[in-house]
Structure formats: structure tokens, C-alpha cells
Amino acid sequence: MKTKDELNKITSFESSSPFSVLGPKLDTKNKTLTITSYLPFALDAWIKLKKKHREKFELHGKIQMKRINPQNIYQAEFENVKEIFPYSILFEDQNGTSYEIQDPYAYPLQITDYDLYLIGEGNHFKIYEKLGAKIRKINKATGVHFAVWAPHAKAVSVIGDFNNWKEGVHPMENLNGQGVWSLFVPGINEGEKYKYAIKSQRNEIKIKSDPFAFQAEVRPQTASVVCSLKDYKWKDSDWMKERARNNFKRKPMSIYEVHLGSWKRNLNEESEYPQNEWGFMNYRELAHKIVEYAKEMGFTHLELLPVMEHPLDTSWGYQVVNYFAPTSRFGTPEDFMYFVDYCHCNNIGVILDWVPAHFPTDEHGLNDFDGEQIYAYQNPKKAFHKDWGTLIFDYGKNEVVNFLVSNALFWFSKYHIDGLRVDAVASMLYLDYSRNDGEWEPNIHGGNENLEAVEFIKKLNKSVHKYNKGIVMIAEESTNWQGVTKPVHLGGLGFDMKWNMGWMHDVLKYFSTDPIYRKYNHNQITFSLWYSFNENYLLPISHDEVVHGKRSLIDKMPGDQWQKFANLRLFFGFMYGHPGKKLNFMGSDFAQFREWNCEWQLDWNLFENDYNKKLNLYFKDLQKLYLAHKEFWEVDFESRGFNWIDFSDAEQSVLSFIRYSNDKKDFLVFTCNMTPVLRENYLIGVPEAGFYKEIFNSDAVIYGGSGKGNLGGVESFEEKRFHHDNSLSLTLPPLAINIFKIEQRSSKVERNLEDQNLSDDIMNDAESIVHNVNLTEQAQSPERIIDN
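Everything numeric in this text was worked out from a predicted model, so none of it was measured.

Criteria and cut-off values
- Position numbers for residues count from 1 along each chain, tracking the sequence in the order it is written.
- For this predicted model, a pLDDT threshold of at least 70 governs which residues receive local features, and a threshold of 80 or more governs which side-chain atom pairs are given and counted, while totals over whole chains, interfaces and linings are taken from all residues.
- Think of the side-chain values as coming from all heavy atoms in the structure, minus any hydrogens and water.
- Salt bridge, as used here: a side-chain nitrogen of Lys or Arg that lies within 4 Å of a carboxyl oxygen of Asp or Glu.
- Numbering of helices and strands runs from the N terminus, with a helix taken as a DSSP run of H or I at least four residues long and a strand as a DSSP run of E at least two residues long.
- A fitted line through C-alpha atoms represents every axis, and for helices the fit uses only the stretch in contact; the resulting angles, taken between N-to-C directions, go from 0 to 180 degrees.
- Orientation labels follow simple angle bins: below 35 degrees gives roughly parallel, above 145 gives roughly antiparallel, 65 to 115 gives roughly perpendicular, and whatever is left gives oblique.
- By convention, the crossing between two helices is left-handed when the near helix turns anticlockwise from the far helix through less than a right angle, and right-handed when the turn is clockwise.
- The criterion used for residue contact is that any of the two residues' heavy atoms lie within 4.5 Å.
- Throughout, the ten residues Ala, Val, Leu, Ile, Met, Phe, Trp, Tyr, Cys and Pro are labelled nonpolar, Asp, Glu, Lys and Arg are labelled charged, and all others, Gly among them, are labelled polar.
- In this description, strands pair whenever DSSP reports at least two bridges between them.
- Any two cysteine sulfur atoms lying within 2.5 Å of each other are counted as a disulfide.
- Exposure categories follow from relative accessible area, calculated using a 1.4 Å probe and restricted to protein chains: below 20% of the type maximum is buried, above 50% is exposed, and the middle band is partly exposed.
- Take the buried Ala, Val, Leu, Ile, Met, Phe, Trp, Tyr and Cys residues and link them wherever side-chain atoms come within 4.5 Å; each set so joined is a nonpolar core.
- Any N or O atom pair separated by 3.5 Å or less is treated as a polar contact, with the protein-specific requirement of one donor-capable and one acceptor-capable atom, and with residues adjacent in sequence counted only for side-chain atom pairs.
- Patch members must show over 30% relative accessible area and no salt bridge, and they are joined within 9 Å when carrying like charges or within 5 Å when they are nonpolar side chains of Val, Leu, Ile, Met, Phe, Trp or Tyr.
- With residues, only the protein chains shown are counted as cover, and all accessible areas are computed by Shrake-Rupley using a 1.4 Å probe.

### Some thoughts on the pattern of salt bridges
- Per the stated rule, a full pass over the model turns up 37 salt bridges.
- Across the pair R284 and D335 runs a salt bridge whose closest N-O atoms are separated by 2.6 Å. Within this pair, whereas R284 is found in helix α6 (residues 283–297), its partner D335 is found in helix α7 (residues 333–345), the two being separated by 51 residues in sequence.
- Counted as one network, the salt bridges with shared partners bring together E303, D353, R421, D423 and E476.

In C-alpha cells:
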């Protein structure tokens, strides 16, 4: 018989070892079996045996259990028993309703000592398969095995519809006293809603969602949902095999950054999916619509603002509560799997924004999880982001590092994603990030580096690359930290790419300047090339640049409407010519005038505006040109892929440069006229003699330009200019970029443009993207020549 104190600990929700009291207990010496159960809703309770056991004990039905505690602990005893036999518990509540349940405390727990060792060591990279809610079949009974880490808790229980959300009804076991609590509840299955009730050492009860839940309720509800992730049948095997062989450095990468909640909504559209008051589309609807648009526009990847469950639409997703659950705003986990799968089947990669830097203070989340900050630093000088009102993960704690690394691996394994863009890396690296003197403490060497975060990042990048070939890890890192994209074994952080924030700020500042003053700011447009090959850079024009009073991309451009659009075309052309992979936020590709608003969809009606429609066509053709010519992307991260022709012409605000293929056999010549002044007979040097075909002109009438250009191309002539022995005499249209490609032929052969009627050839040559004829009549209605 258990002591009164042990029974009271069960009923007062204070027991850390309920298995020592509840369930079947076999006394092999006396051959007795005692079954004890806590049934707080019962008026009477019985044990029900299978037929063969009823006959053995000469029972005709069920055996009455005795109430041995005023708070409804019941017990039954069997004599002459050699082993535990299967049984169920019957009870009747005060309303006369009868229930039959399986005894949770009759089933073994599924967390092993080795699991506990790996968790404590921080190396359980598939911890998500053990912690959380897992559907299991144990001793022929199907149910859910729950496990949660709460090292400071006095007691933990799982609550849900199956126990009327009453804490303490299903107390969990603290395994070996190591802070991992576990319980198998038979009879429940997929779709069951649940939470954990956690009693702190101060006797406070915290009601928490599951940190390892695979699914969450639609906000504002906050329960976790039992989900197995086992039903979806993937169809992207070809993509996955090719990805494993892929070297992203030698491939084109043009990323379309998307916020799913505001890309497009369907309040006024027919849909096969249930409507909601916010008009959010289902992941499957979004897959078809976004992929169709992304393929048409020539994007290679999507980057999604965080899809992990977050409480507020207006947070954009960066304040994550459930790291293992895609947000239920847009459907189920299986729906999101379909989204990724559909992208892959259409040759589009999927990158997720991921937030290991901080988490919000919501009551149902990680904050103060078991009465203590187990996920965040406890030191207030390290624990809190005052800018964002969030808590900082404790990277010095093995269990926290395990949580984050396994979460990254989870998205690669279970959702087949192709990369993570790691948010706010700078805030992780520096102890004094956004802190004044006296608000932070130096590390053991007296520096401002967070050494624990550095080690976490290295472990993260080593782990995900070890188990996932061909994926990319991208750092949003805004400082001059050295070696962000250097391999870990060479002393770096191990990322594949880093956002070039310096390029973004300098170039946007330059393009926001009235062209008349640009000659005084020439260094802003050239400076990035002095450090472009120190890291593997991605050039971002992200959501952060078109919100919160910063103005939309088109609205940053100076001048009247014509000049604004010309400037924007020139900006995109310069961006795509500049070394580095590319990222553009949704809406910039058709020049949305207003700032991005996450609470409503993009202004798709702007396609009725001639300027916006032409800008979108320009962006599309620029991307097709980018994909078609390896010179744009084959050598993005090494200086041998880029050469200046002339960066010194600040007076006329003109730049000219060359991009080379990996073998240097192919190259493109770029000219950028940063003013609205037409420049004729402008001389630049070129590396080879020959005819230079004008393959792209942002001033083409079809894009909304003035139609000035070079009639399809120009012949070089022998004249040394700077370090080249040959030169071109060019017409540089106003606020325009022009791109030229040499045709391989003898430079001595005379070329008669008029005899060959080049004006017609240009407009019908399917291998070029010219659209640049400056003959007024022909330029009024040129044919489209780019097609899939």
C-alpha cells in the first residue's frame, strides 16, 4: 500500500514519478497484482478483464475498484497472479455517463537512457522523433506517446479533450530525474489537441503548447495538434537527386522573397478550400499560383518569410512560437509538403527564413517554460532583445543547441526544403548588439563576441551540410565579421552565402539621389566591388527595404514618372550584372507604388497600368537573359569573373565592366549611364576585336524607354583605351544599361548594317533580347521575341 503522502502528491499534481504509484504493480513473492488509478471524474470504477482472465478469476463481469483516497484514487487487487495481464478501466461520472479507457501507466515509456544521454550532450539530431507527441503502437494498443523537456518542473501532465483539459489527470514521469517527462496515452490519435500543464517549483501552473509539436491550432487558439507527418507521398525524387549533385556557386540563383499571407488573397474568388475571414489561401492554392508566376518570371527559388507557427499576422512570422509546425493559417502540414513538392516538380527551390536568434514572450510558448528560462539566457544582460521585445536563446546550453540544430535538420528532412536564410545573425554574434555601455558583459577574453553563439552556428552549419547535400545556408549578417562564408574547418562560420547589406544600402542610397548629384556620390556605386569577393555574397532587395516609411522601390527613385521607371530598370540591370546571387521581394518586380503591407495582398491591379506592365516585362526579360548567359552567374564569388572597364568616369556618371564565364571563353560587356543625358560616341575599351552585339537595352520602347541604342551592335576598332587594345564607340541611352556580347569572327571583316537590314533581324532573332531599335516607326510596336 502506498503512503498517504505519495497518494496526495498524485492528486495535488506534485508527483514527479507517478509510475511508482499508478498502474499495475506485481508482487512476485506474494503473487498479487495491484492496479491503482487516478480517476478524478469518477463516482465508481471497475477493472474489466478479457474473457480468459475472467474465467481464471471466476469473474462473471467486472471487478469493483475501491476508492482509497478522497480525491478519487481507486485500487483493485488480484491474488495468485504470476504476471501482469491486459485489462481496461471502466468508470462512471456524476452524470451517469460510462467510460472505458486503457491504463496509461500499464505501458512502457519510449525514451531510452541513450536518448537522455544524447539530449544532455546536445547531439540528438533527431530529437523531434522522440520529444513531442508521437503516434505509437505499444503492446497492441495505439495511442500517443508524449515527451517534453522541463528540467525545473515539480510536476508535468498532458491535458486535452481526452481529460477535459484538467491538469494532473495524466501526470507524466520525470525519467531518471533528468528533466525529460514522458507518458503514453492509449486510445487517442491523429488530430487530438493537447498542451502541457507544468507546475513550477513555486507552485505556479504553466499551460504550454508543445515545443516539438508538428501542428498547431489556427490562431488565436494555441493548442498543439497530434500529427504524424507520415501520410504524404513525395514526388520530387528527381529534384532531390539533382540537388545533391548541385554546386550552387556555378548555378544561377534568382530568389523571389514571398510573404504568403499578403502575396495574394481569395476573398472574392471561388476556391475548393474552406474560406476564412482573412482570405488566406491554402498552401496548395498558393503553390499553383505562385509557381505559375515564378516560372513565368524566371525565378529559380522562392524564399518564404517564416512559415513556422507565430501568434500574430503582423509579426511577419519572425516571432516564432512553434518551431516544428508550419503555420496553420494556410492549411495542414501535409498541405505545406504539397507546396514544397509542387515547387520542386516545377524546378523551383524553396528556402525558408529561420529564426534561431530570439523568440517571443507569449505565455503558451517557450518563455519561462517550467517556471525558469530554460530556452533563454537567465542573465538579463544576455537574455533580452529590447528592440524586438523578445528573448535570446541560451547557446551555452546543450539542450537548447540540440533543439535548434535538430529543428534545422527537421525542415530539410521532413519538408525537403533547399535552404535556410538565418535571420539576425549579427544579433547572435555580438554581446553588445543594440546595447549601451553597462547593458552587456564581455566574454571570457574581454571581447564583445558571443562565443557560445559562434560555436552554435558552426555546429549548425556542419550538421546540416553533413546530412543534406546541395542545400544552402544563408546568413543575414550586417557587420564586417570575417569568414561568415568560410568553411568551419578553415576557421569560418560555415555559411554558403551572406547577404550583402553594404551593397544594398550604398546602391539604394545612390539610386535615390538626383542624377545631377550622382557624380559626387560615385563611390557609393563602385565601393562594393572592392570587397565583393571577401565572402560569397547574395544581393538582397528584401521586405525590410520597402516597409516602415522606407518607401517602395519605385518610390525611392528620383524624377518624374518616366525617370522613376528608367531608374528602376537601370537599377535592376546593374543588380543583375553585379557579382552575387540575387534576391527580390514580391511587388518590386512590377513596381508596386505603395509600401508593402502585410495585412493585405499586393496591388495586382497595377498590371492595368502601362508603365507597370512594361516594367514587369523588362524584369521578366532581364531574368531570362540572366538564366540564358552563364557569364552572369558562373563566377559570382571570385574576382576572375569580373573586370572593370572604367569605374572612374564620375563626371558623366558612367560605369562599364565585364563579366566572364568560368573558362573565360565567354564574356559580356556592360555599360551603365546613370544620368538622363544621352551620350553618343562614348568610348570604352574591350578585350577582343570583333563585332559586339547589343543583346539587351533597358531603354527599349517596349520597356517604356526612349528607344535609343546601338542598332543591334557595334564593331570594335584598334585603339588602346586603359588596359585594352580595342575600343567601342557607343551610344549610351539615358538612365539605361546596355549589354553586349562579342560575335566570334575576324575583326577585319567589314560589316554593313544597312545591307543586312539589321533592324528587322534584331526584332526577329530568337537568340537575342534586344528590343532596342531607335527607329521611331519600328519602335512603336515591336514584336515580342522572347518566349519559353
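### With respect to the packing of helix α15 (residues 561–577) against helix α16 (residues 610–628)
- Two numbers describe how α15 lies on α16: the axes approach to 11 Å, and their chain directions differ by 15°. Here α15 lies roughly parallel to α16, going by the angle between them. At the point where α15 passes α16, the crossing takes the right-handed sense. Side by side, α15 and α16 meet where Q561, W562, F565, L568, R569, F572, G573 and Y576 of the first sit next to Y611, N612, L615, Y618, F619, L622, Q623 and Y626 of the second.
- Taken together, the residues of the contact of α15 with α16 sort by class into eleven nonpolar, four polar and one charged.

### Some points on the sheet that holds strand β25 (residues 390–392)
- The strand order β23-β25-β24 describes an open sheet built from three strands, whose pairing is antiparallel. Taken across any chain shown, the strands that pair with only one partner, and hence form the sheet edges, are β23 (358–359) and β24 (384–385).
- Note: β23 against β25, two bridges, orientation antiparallel. Each residue of the ladder has a partner; that of F359, found in β25, is L391.

### Observations regarding the pairing of strand β37 (residues 717–721)
- With three bridges joining them, β37 and strand β38 (residues 724–732) adopt antiparallel strand pairing. Bridging across to β38, E718 finds its partner in N726.

### Structural notes on the state of the cysteines
- What the rule picks out here adds up to zero disulfides.
- Between C227, a cysteine without a disulfide, and C343, which holds the nearest cysteine sulfur, the sulfur-to-sulfur distance is 20 Å.
- By relative accessible area, C227 is classed as buried at 8%.
- The cysteine C345 is free of any disulfide, with C343 supplying the nearest cysteine sulfur at 9.5 Å.

### Concerning the side chain of N461
- Following the sequence through the fold, N461 ends up in helix α11 (residues 451–467).
- With residues up to four places along the chain from it excluded, the contact list for N461 reads M473, L493, G494 and F495.

### Some words on the nonpolar core
- F339, Y375 and F571 are the most contacted members of the largest nonpolar core, which has 196 residues in total.
- With eleven residues, the top contributor of residues to this core is helix α9 (residues 398–415).
- Discounting residues that sit within four places of it in the chain, Y375 has contacts with W149, P211, F212, F359, L366, F369, I392, F393, D394, V400 and F403.
- Counting 17 residues, the second-largest nonpolar core is a separate cluster that includes L33, L39, V81 and F91.

### A word on the side chain of T675
- Structurally, T675 can be placed in the loop between β33 (667–673) and β34 (679–686).
- For T675, the side chain forms a polar contact with the side chain of N673, separated by 3.1 Å.
- Ignoring sequence-local partners within four residues, the contact set of T675 consists of P515, Q652, S653, P734 and L735.

### Details of a nonpolar patch on the surface
- Together, I516, Y517 and Y520 line one region of the surface with nonpolar side chains, adding up to about 400 Å² of accessible area.
- Position of Y517 relative to the elements: it lies in the loop between α12 (501–511) and α13 (522–526).

### Brief notes about unusual backbone geometry
- With an omega of 15°, the peptide bond between R219 and P220 qualifies as cis.
- Relative to the helices and strands, P220 resides in the loop between β16 (215–216) and β17 (224–225).
- One non-glycine residue with positive phi stands out, namely N176, at about 55°.
- Positive phi, close to 70°, is recorded for W316, a residue that is not glycine.
- Structurally, W316 is set in the loop between β20 (308–309) and β21 (322–326).
- Judged by its relative accessible area of 13%, W316 is buried.

### Quick word on the packing of α7 against α9
- Where α7 meets α9, the axes come as close as 10 Å, and the angle between the chain directions of the two elements is 75°. Classed by the angle they form, the pair α7 and α9 counts as roughly perpendicular. Across the interface between the two elements, P333, F336, M337 and V340 of α7 pack against W411, K414 and Y415 of α9.
- Broken down by class, the residue content of the contact of α7 with α9 amounts to six nonpolar, no polar and one charged.

### A look at the sheet that holds strand β1 (residues 23–27)
- Pairing in this open sheet of four strands is antiparallel, and the strands run β1-β2-β6-β5 from one edge to the other. Two strands close off the open sheet at either side, each with one partner strand: β1 and β5 (66–69). With direction set aside, neighbouring strand axes in the sheet form an average angle of 30°.
- Packing of helix α1 (residues 4–11) onto the sheet brings it into contact with β2 (32–38), β5 and β6 (73–79), and relative to β5 it is tilted by some 95°.

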